[in-house]
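Observations on chain architecture
Listed below, chain by chain, are the residues.
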Protein chains: 2
Amino acid sequence: MNIGEASGRSGLPAKTIRYYEDIGLIRPDRGGNGYRDYGSDDVHKLRFLNRSRSLGFSVDECRQLLALYEDKSRASADVKEIATAKLTEIDRKIRELTELRRTLEHLVHACHGNERPDCPILEELSEG
Amino acid sequence: MNIGEASGRSGLPAKTIRYYEDIGLIRPDRGGNGYRDYGSDDVHKLRFLNRSRSLGFSVDECRQLLALYEDKSRASADVKEIATAKLTEIDRKIRELTELRRTLEHLVHACHGNERPDCPILEELSEG
DNA sequence: CTTGACCTTCCAGTTACAGGAAGGTTCATA
DNA sequence: TATGAACCTTCCTGTAACTGGAAGGTCAAG
């Protein structure tokens, strides 16, 4: 498929997809006309990149995560080590998001009148 | 306190803290020597910024979130609307992180031998 | 009163894109 | 067959959110 369809299916702008190719994250085929040609596995990777980037992982971390699945020569112990480190980080992110969620919900419910209450919720916010 | 201590307490590099001042996110006092002087509420905000940035919110979104607590003149309905939108986004992030977590854990447990198995886990990864 | 660890501003570089120009390709329609 | 819209290409510039480093002022300890 062309880059437009890959964009539509992955949710990433075509610009970003080309950029990811520039920095070596994906390697689509090329048709005779010079157009990029993406397979469904490419789309899977792009969707994955879209998600993990939006969750605060750097492009380099995404590269590591992708490598967990792609680098056939990597020994299992390495994979486990990296994956385990990422798991710890993911758990932290989930915890922090949950706290942030709780705090925001508190605010939403606290504001029942027409005026914002003067509650010092920032403390709660930053206690993580 | 000086910027070094604020950095230590918030987890943000001093460079970043100065940058956040440049773009108007925080307004520390200045001592007679020209040094920035941070209070504990500043540290709270900085910790909050550190967290929400690492969770994939843009600086502008962080600004909105901070404004929910700072803008005393804002009507409650507005606060609710913004906060509710953020809640939806946070829920999505939590869902996606949970899926990513599950997939990574799967990989860790699947790799019991010395060689990485050739499992096409990418599909699972990108189904969110 | 100097030394080292702070702090300041300023300027340049990096990452991860986004916008837009200039031009080639494809495909439906006149 | 032609022409126009909607694709695609590369290239170059701009932006966001930092990061590093230079050049120099401040402060507390010995």
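Everything that follows concerns the structure shown earlier in this document.
One structure accompanies this document, and this report is about it. This one's a predicted model, so the numbers in the text were calculated from it and none came from an experiment.

Residues and elements named next belong to chain B. Assignment of secondary structure puts L49 in helix α3 (residues 40-54). Judged by its relative accessible area of 0%, L49 is buried. Filtering out sequence-adjacent residues up to four positions away, L49 remains in contact with Y20, L25, C62 and L66.

Residue and element names in this part refer to chain A. For R47, the location among the structural elements is in helix α3 (residues 40-54). By relative accessible area, which is 25% here, R47 ends up partly exposed. With 37 residues separating them in the primary sequence, R47 and S10 have C-alpha atoms 4.6 Å apart.

Attention now goes to the protein's contact with DNA strand C. K15(A), T16(A), Y20(A), Y35(A) and G4(B) are the nearest of the 18 residues found near DNA strand C. Taken together, the sugar and phosphate atoms account for 69% of what DNA strand C places within 4 Å of the protein. Between DNA strand C and N33(A), the relevant distance is 3.0 Å, taken from a phosphate oxygen to a side-chain nitrogen or oxygen of the residue. Within the residue set of the surface near DNA strand C, elements represented by two or more residues are α2 (14-22) of chain A together with α1 (3-10) and α2 (14-22) of chain B. Take the surface near DNA strand C: its biggest share by element is four residues, from α2(A). Of the residues contributing to the surface near DNA strand C, the split by class is seven nonpolar, five polar and six charged.

Thresholds, definitions, all that
- Residues numbered from 1 in each chain as written.
- Chains lettered and ligands numbered in written order.
- Predicted model: local features only at pLDDT ≥ 70, side-chain atom pairs only at ≥ 80, totals over all residues.
- Heavy atoms only, no water.
- Helix = DSSP H or I, 4+ residues; strand = E, 2+ residues; numbered from the N terminus.
- Buried < 20%, exposed > 50% of the residue type's maximum accessible area, 1.4 Å probe, protein only.
- Contact = heavy atoms within 4.5 Å.
- Near = heavy atom within 4 Å.
- Polar contact = N/O pair within 3.5 Å; in protein donor to acceptor, adjacent residues only side chain to side chain.
- Nonpolar A, V, L, I, M, F, W, Y, C, P; charged D, E, K, R; others polar.

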